[in-house]
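# Coordinate inspection notes
Residues per chain, in single letters:
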Amino acid sequence: MTAAAQRVTIAVLEGDDIGPEVVAATVEVLEQAARIRGVAIDWEWLPSGTAAVREHGSTLPDAVVARLREIPGWILGPVGHHAYPMGDLRFRNPSGYLRKNFELYSNVRPSRSWPGVASVSDAVDLVIVRENTEGFYADRNVLDGNGEFRPDEDMVISLRVVTRRASMRVARQAFELARYRGRHRKVTAVHKANVLRRGDGLFLACCREVAAEYSDIKLDDFLVDAFAMRLITRPAEHDVIVTTNMFGDILSDASAGLVGGLGLAPGLNIGEDHAMAQAVHGSAPDISGRGIANPIAEILSGALLFGWLGRGAGLGALRDAGHDIDAAVARVLSARDRLTPDLGGTASTTALTASIVTQLDSGATEAATA
Ligand code: NAD
């Protein structure tokens, strides 16, 4: 297949609040990066979030779920599910539903220091691999009903699920990632096995069992409380961190804070057959509609998706396009050119996006003339 003949379909779900703003920016950047590398993308826009309830009766209509089965790669904007009415079946949490029902079992969330961006350390380069399908998440850990229940007015009981299957597969993902180019062949398991002796004990035992299959990778482990401090005080020492669902959620926001904030924190939800790009941040209702959301986290999530789509031989050009996006973002941040207010600038979402596209174009021109 020639590069020019390559086409791929990517599904797009905008989510809520700033979702449509950062997703539009992401599609613009990904489209251009793919075009430069000779890949055409057919964007399939599917309804999601509160806006979809009005027209389709659900935040995640069944027809959308059915269509997603046929498309390997998706982009999901942040969803404002905390504002969804409790108990109203029209308001599924699209993020949780898709992670659970498509078995997107690992949520990969990298954090790195960027030149030009104030950071606790200038040598942060770590990845949190978070279990994504069970744990303490009420919408994920039972077949029917909800993992939180309230026997009386003054009591709530929450279930937490840890299984061998989920722990083994997320641990394997972490060890595979530790072998990637640029990584340091080190995995840290983070847990609370001193108190949650059975649940986190099982998770840790699975990490150790997987470690035995990877003699080239070093495994260490920490209790989550001690690790939270190490993450802040010695961030440059960490490489790949594997942990359960809620610990990973919390630690990845903390690691975003180490390197410039949520506007720079990307994520990819990975399963066997599907992957979903999704920034770490939420739907930021406080800045929604003002045109100042930082699109970089969602754009970098899209670059991770390109890496996943390009992992086989067929779409290798997309992997290169993902690297081009990283490089263009690095140049924009380093030049402090048209940054959004969260990064200390005064630019709009669209101006920052245009800046990244310009950098992509000039990177392509330089490569062509080199
Ligand atoms: P949030 O991440 O939306 O916002 C936290 C703070 O970070 C806010 O001050 C916000 O303005 C800022 N922020 C976040 N993203 C930004 C961006 N791209 N550019 C600039 N500033 C940004 O967290 P929250 O306020 O706790 O949650 C809001 C909603 O998002 C809730 O309904 C929550 O349930 C949901 N949520 C969704 C996801 C997801 O879809 N992945 C993740 C977390 C929270």
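Since this is a predicted model, take the numbers as computed values, not measurements. (Residues numbered from 1 in each chain as written. Predicted model: local features only at pLDDT ≥ 70, side-chain atom pairs only at ≥ 80, totals over all residues. Heavy atoms only, no water.)

## Describing the overall build of the protein
Across its full length, the protein carries eleven helices and twelve strands. Here the C-alpha radius of gyration of the protein, 20 Å, is about what a compact globule of 370 residues would show, namely 21 Å. In terms of overall dimensions, the protein has C-alpha extents of about 65 × 50 × 45 Å along its principal axes. Taken across its 370 residues, the protein has 52% of its residues classed as buried. Considering only contacts within the protein whose residues lie at least 6 apart along the sequence, 74% involve residues at least 24 apart. Split by element, the accessible area of the protein, about 16200 Å² in all, is 54% carbon and sulfur. Taking the 38 positively charged and 46 negatively charged side chains of the protein as two groups, their mean positions are separated by 5 Å. (Helix = DSSP H or I, 4+ residues; strand = E, 2+ residues; numbered from the N terminus. Rg over C-alpha atoms; globule rule 2.2 N^0.38 Å. Buried < 20%, exposed > 50% of the residue type's maximum accessible area, 1.4 Å probe, protein only. Contact = heavy atoms within 4.5 Å. Areas by Shrake-Rupley, 256 points an atom, 1.4 Å probe, with all protein chains shown as cover. Lys, Arg positive; Asp, Glu negative; His and termini not counted. Charge placed at Lys NZ, Arg CZ, Asp CG, Glu CD.)

## A few points about the packing of helix 5 (residues 164-177) against helix 6 (residues 199-211)
Following both chains from N to C, one finds helix 5 and helix 6 inclined at 45 degrees, their axes separated by 9 Å at the closest point. The orientation of helix 5 with respect to helix 6, classified from their angle, is oblique. Like other packed secondary-structure pairs, helix 5 and helix 6 cross with a definite hand, here right-handed. For the pair formed by helix 5 and helix 6, the contact residues are Arg164, Ser167, Met168, Val170, Ala171, Arg172 and Phe175 on the first element and Leu202, Phe203, Cys206, Cys207, Glu209, Val210 and Ala211 on the second. For the contact of helix 5 with helix 6, the class distribution of residues is ten nonpolar, one polar and three charged. (Axes fitted to C-alpha atoms, helices over the stretch in contact; angles between N-to-C directions. Parallel < 35°, antiparallel > 145°, perpendicular 65-115°, else oblique. Left-handed = near helix turned anticlockwise from the far one by under 90°. Nonpolar A, V, L, I, M, F, W, Y, C, P; charged D, E, K, R; others polar.)

## Concerning the site of the ligand
By nearness alone, 20 residues border the ligand, and Val79, Gly282, Ala284, Asp286 and Asn294 come closest of all. Taking valine 79, its main chain carries an N or O atom lying 2.9 Å from an oxygen atom of the ligand. Backbone polar atom of asparagine 294 to a nitrogen atom of the ligand: 2.9 Å apart, as the coordinates give it. Compared with its free state, where it exposes 810 Å², the ligand has 70% of that area covered by protein. Residues of the shell around the ligand, tallied by class, amount to ten nonpolar, eight polar and two charged. (Near = heavy atom within 4 Å. Polar contact = N/O pair within 3.5 Å; in protein donor to acceptor, adjacent residues only side chain to side chain.)

## A look at the packing of helix 1 (residues 19-36) against helix 10 (residues 316-335)
The packing of two helices is summarised by the inter-axis angle and the distance between the axes. The interhelical angle for the contact between helix 1 and helix 10, taken along N-to-C directions, is 125 degrees, at an axis separation of 9 Å. By the criterion of interaxial angle, the relationship of helix 1 to helix 10 is oblique. Crossing angle aside, the handedness with which helix 1 passes helix 10 is right-handed. Every residue of helix 10 that contacts helix 1 at Val29, Leu30, Ala33 and Ala34 is listed here: Leu318, Ala321 and Ile325. Taken together, the residues of the contact of helix 1 with helix 10 sort by class into seven nonpolar, no polar and no charged.

## Some points on the packing of aromatic side chains
For the coordinates displayed, the defined rule picks out four aromatic pairs. Pairing phenylalanine 222 with phenylalanine 227 gives two aromatic rings, centres 6.1 Å apart and planes at 40 degrees, and the pair type is tilted. Between arginine 69 and the ring centre of phenylalanine 102, over which it is positioned, the NZ or CZ distance is 4.1 Å. Taking NZ or CZ as reference, arginine 311 lies 3.9 Å from the ring centre of tryptophan 308, over its face. (Phe/Tyr/Trp six-rings, centres within 6.5 Å; stacked < 30°, edge-to-face > 60°. Lys NZ or Arg CZ within 6 Å of the ring centre and 35° of its normal.)

## Observations regarding the side chain of threonine 26
Along the chain, the position of threonine 26 falls in helix 1. With residues up to four places along the chain from it excluded, the contact list for threonine 26 reads Ile75, Pro295, Glu298 and Ile299.

## Re the environment of serine 362
Looking at the element boundaries, serine 362 is found in helix 11 (residues 349-369). Look at serine 362 and you get partly exposed, because its relative accessible area is 26%. Placed 34 residues apart in sequence, serine 362 and alanine 328 show a C-alpha to C-alpha distance of 9.0 Å.

Everything listed is a geometric property; what it means functionally is a separate question.
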